[in-house]
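# Summary of the model geometry
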Amino acid sequence: MEINDFHMEKSDGHEIDGANLYRKMATSPYIIPEKINAYIKENNKRYGIDIRSFYVSEKTMADRFKRHIKNSMDDNILFNRQGSNLLMTVDEQTFAIIDNNKPTCAAGNAATFRAIRYKVSSNKIFDNYTSHIGVFPLCSRTNVLNGYRAASAFYGNLSLPSLLVFFGKSCFE
């Protein structure tokens, strides 16, 4: 479950440590919306299954992808630096991964797909989930698909069969 906290930027510094109080409340630990939590529990019980949820924040994952590509972005043919922007080209699709020195939503999705597929610990990589069902608002379709493209191209053999479902008319419905 990807929590979209990409726009929960740090506050103007009036708090003691300059952190956004609402971001801390939502992500330390993650707060699962009551309706979603009830739905997961109800379906687990009804069908006798265990849905293993994986919770991440988009901003954290976007920063992670920026760290992953940091040492290879200038030497890798996938990337094209344009001032403070970094574009990525995968299968004739070109999209921004860094915009004005900040990682984009596509970058957040790329790192999320890798974190879904693999657990990385002390430079060792272990299998995690071997398939993925993602449900997203329709307005995020381009960012999610570009993120999947970026993850598949940059991380090599991602091997994460995914069913990506897009719904609604906008991000606000």
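Before reading on, note that the structure itself is shown above.
Now for a look at the structure at hand.

What counts and how
Residues numbered from 1 in each chain as written. Predicted model: local features only at pLDDT ≥ 70, side-chain atom pairs only at ≥ 80, totals over all residues. Heavy atoms only, no water. Pairing = 2+ DSSP bridges. Helix = DSSP H or I, 4+ residues; strand = E, 2+ residues; numbered from the N terminus. Contact = heavy atoms within 4.5 Å. Axes fitted to C-alpha atoms, helices over the stretch in contact; angles between N-to-C directions. Expected span 1.5 Å × (residues − 1). Buried < 20%, exposed > 50% of the residue type's maximum accessible area, 1.4 Å probe, protein only. Polar contact = N/O pair within 3.5 Å; in protein donor to acceptor, adjacent residues only side chain to side chain.

Attention now goes to the sheet that holds strand β5 (residues 93-99). Backbone-to-backbone hydrogen bonds join strands into a sheet, with any given pair of strands oriented parallel or antiparallel. Read from one edge of the open sheet, 4 strands run β3-β4-β5-β6, paired in antiparallel fashion. Only two strands of the sheet have a single partner each, and these edge strands are β3 (79-82) and β6 (102-103). Note: strand β4 (residues 85-90) against β5, 5 bridges, orientation antiparallel. Counterpart to L87 in the pairing with β5 is A96. Of the strands in this sheet, β3, β4, β5 and β6 touch helix α3 (residues 58-69), which is tilted by about 105° from β5.

Okay, helix α4 (residues 105-117) next. Residues spaced three or four apart along an α-helix point in a common direction, a consequence of the helix completing one turn every 3.6 residues. The end-to-end C-alpha separation of α4 is 19 Å, in line with the 18 Å expected for 13 residues at 1.5 Å each. The buried count for α4 comes to 13 of 13 residues, which makes it a mostly enclosed element.

Here we take up the side chain of R117. Mapped onto the fold, R117 is located in helix α4. R117 gets classed as buried once you look at its relative accessible area, which sits at 8%. One polar contact links the side chain of R117 to the main-chain carbonyl oxygen of L158, over a distance of 3.3 Å. Dropping the residues within four chain positions of it, R117 is found in contact with F126, D127, N128, Y129, T130, L158, S159 and L160.

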